[in-house]
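# A look at the structure
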Amino acid sequence: MARGLARDHAEKRAAIRAGAARYFAAEGYARASMAGAARACGVSKALLYHYYDGKEALLFDILEQHLGALAAAVERVAPDGPPEARLRRLIHAILAEYEDADAEHKLQLDALALLPEPMQAPLLTLQRRIVSDTSRTLEALRPGLGPRRGAVTMSVFGMLNWVYMWHRPDKGMSRASYADLATDLVLGGLRGL
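A short tour of the structure in this document, coming up. (Residues numbered from 1 in each chain as written. Predicted model: local features only at pLDDT ≥ 70, side-chain atom pairs only at ≥ 80, totals over all residues. Heavy atoms only, no water.)

## Examining the overall build of the protein
When its secondary structure is counted, the protein shows 10 helices and zero strands. Its helices and strands taken in sequence order, the protein reads α-α-α-α-α-α-α-α-α-α from the N to the C terminus. Counting only C-alpha atoms, the protein reaches 60 × 40 × 30 Å along its principal axes. Sorting the 193 residues of the protein into buried and exposed places 41% on the buried side. Across the protein, every contact between residues at least 6 apart in sequence was considered, and the portion connecting residues at least 24 apart equals 66%. Per element, the accessible surface of the protein, about 10200 Å² overall, is 56% carbon and sulfur. Treating the 25 positive side-chain charges of the protein as one cloud and the 22 negative ones as another, the clouds have centres 2 Å apart. (Helix = DSSP H or I, 4+ residues; strand = E, 2+ residues; numbered from the N terminus. Buried < 20%, exposed > 50% of the residue type's maximum accessible area, 1.4 Å probe, protein only. Contact = heavy atoms within 4.5 Å. Areas by Shrake-Rupley, 256 points an atom, 1.4 Å probe, with all protein chains shown as cover. Lys, Arg positive; Asp, Glu negative; His and termini not counted. Charge placed at Lys NZ, Arg CZ, Asp CG, Glu CD.)

Here's what the structure looks like:
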């Protein structure tokens, strides 16, 4: 008879994802190994293979959890009220989801393209949903962006995606304050177009 899942299976899997994400981000996914990931997670290599059949499966799970949570946060932003308020809520939601996920975010930017195409496809779908929701909000703020809409949308993500590189909450502004600053910059820029 097959053995059932342990009661703490989900918690162990989440801990492995977090530890492996930090290890992959620090070491570089291409140079990282399952043995190194096991050491970084404080588990045996055999236990790591109990949860994941290889490095690609582990990276996929890390990115799917990260992007799935981000897409869900973006989709929870209420579409009601003025578009300016929606943009503010959207930027706050994105930056709140990035908080404590610097390693996962770095892997999204650096390692997603290293996965085989069939594994990339659902992750790219999640990314497109996030970008599309943001793009629609920007279009509501500045109708008629036309071919500039994509460039404007990706410029917003350019501001948000690199926060993990420089932001230190104990040295300057909070993440929420930066979300307000970024929103104000976007709104001012849209008015200037």
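## Digging into the nonpolar core
The tendency in soluble globular proteins is for nonpolar side chains to be buried side by side. Counting residues in hydrophobic clusters, the biggest one holds 54 residues, and the most contacted among them are Phe-24, Leu-58 and Leu-107. Among the elements that take part in this core, helix α4 (residues 55-76) stands out by supplying 10 residues, more than any other. Setting aside residues no more than four positions away along its own chain, Leu-107 makes contact with Ala-21, Phe-24, Ala-25, Tyr-29, Leu-59, Ile-62, Leu-63 and Leu-112. (Core = buried A, V, L, I, M, F, W, Y, C linked by side-chain atoms within 4.5 Å.)

## Notes on the layout of surface pockets
The method is simple in principle: a probe with the dimensions of a water molecule rolls over the atoms, and the space it marks as empty is what remains. Counted as a void, the largest pocket has a volume near 170 Å³. If you go around the largest pocket, the residues you meet are Leu-70, Tyr-98, Gln-108, Leu-109, Gln-127, Ile-130, Val-131, Met-154, Phe-157 and Asn-161. Here the lining of the largest pocket is built from residues that sort into seven nonpolar, three polar and no charged. (1 Å grid on protein atoms, 1.4 Å probe; cavity = no way out; pocket = protein on both sides within 12 Å on 5 of 7 lines; lining within 4 Å. Points joined across faces, edges and corners; volume = space filled by probe spheres on them. Nonpolar A, V, L, I, M, F, W, Y, C, P; charged D, E, K, R; others polar.)

## Things to note about helix α1 (residues 9-27)
An ideal rise of 1.5 Å per residue puts 27 Å on 19 residues; α1 measures up with 26 Å between its terminal C-alpha atoms. Where α1 is buried, its residues contact α2 (34-41), α3 (45-51), α4 and α6 (102-111). Immediately beyond the C-terminal end of α1, within one or two residues, lies Gly-28, with a positive phi of roughly 95°. (Expected span 1.5 Å × (residues − 1).)

## Some thoughts on the packing of aromatic side chains
Counted by the stated rule, this structure contains four aromatic pairs. Arranged with centres 5.8 Å apart and planes meeting at 45°, the rings of Tyr-23 and Phe-24 form a pair that is tilted. The same class applies to Tyr-23 and to Phe-24, which are both buried. Following the ring pairs from residue to residue traces out a cluster consisting of Tyr-23, Phe-24 and Tyr-29. (Phe/Tyr/Trp six-rings, centres within 6.5 Å; stacked < 30°, edge-to-face > 60°.)

## Focus on a nonpolar patch on the surface
Taken together, the side chains of Leu-109, Trp-162, Met-165 and Trp-166 define a hydrophobic patch exposed on the protein surface, amounting to about 420 Å² of accessible area. When its relative accessible area of 44% is taken as the criterion, Trp-166 is described as partly exposed. (Patch = residues over 30% accessible without salt bridge, like charges linked within 9 Å, V, L, I, M, F, W, Y side chains within 5 Å. Salt bridge = Lys/Arg side-chain N within 4 Å of Asp/Glu carboxyl O.)

## Some points on unusual backbone geometry
Even without being a glycine, Asp-100 presents a positive backbone phi close to 60°. Examined against the element boundaries, Asp-100 turns out to sit in the loop between α5 (83-98) and α6. We classify Asp-100 as exposed; its relative accessible area is 75%.

## Notes on the side chain of His-66
Mapped onto the elements of the fold, His-66 is located in helix α4. Once residues within four sequence positions are removed from consideration, His-66 is found in contact with Tyr-98, Ala-101, Glu-104, His-105 and Gln-108.

## A look at the packing of α5 against helix α7 (residues 117-141)
As a packed pair, α5 and α7 sit with axes 9 Å apart at the nearest point and diverge in direction by 155°. Judged by the angle between their axes, α5 and α7 are roughly antiparallel. α5 and α7 meet at a crossing whose hand is left-handed. Packed against α5, whose contacting residues are Pro-83, Glu-84, Arg-86, Leu-87, Leu-90 and Ile-94, the element α7 presents Asp-133, Thr-134, Thr-137, Leu-138, Ala-140 and Leu-141 at the interface. Residue composition of the contact of α5 with α7, by class: seven nonpolar, two polar and three charged. (Axes fitted to C-alpha atoms, helices over the stretch in contact; angles between N-to-C directions. Parallel < 35°, antiparallel > 145°, perpendicular 65-115°, else oblique. Left-handed = near helix turned anticlockwise from the far one by under 90°.)

Scope: geometric values only; no functional claims are made or implied.
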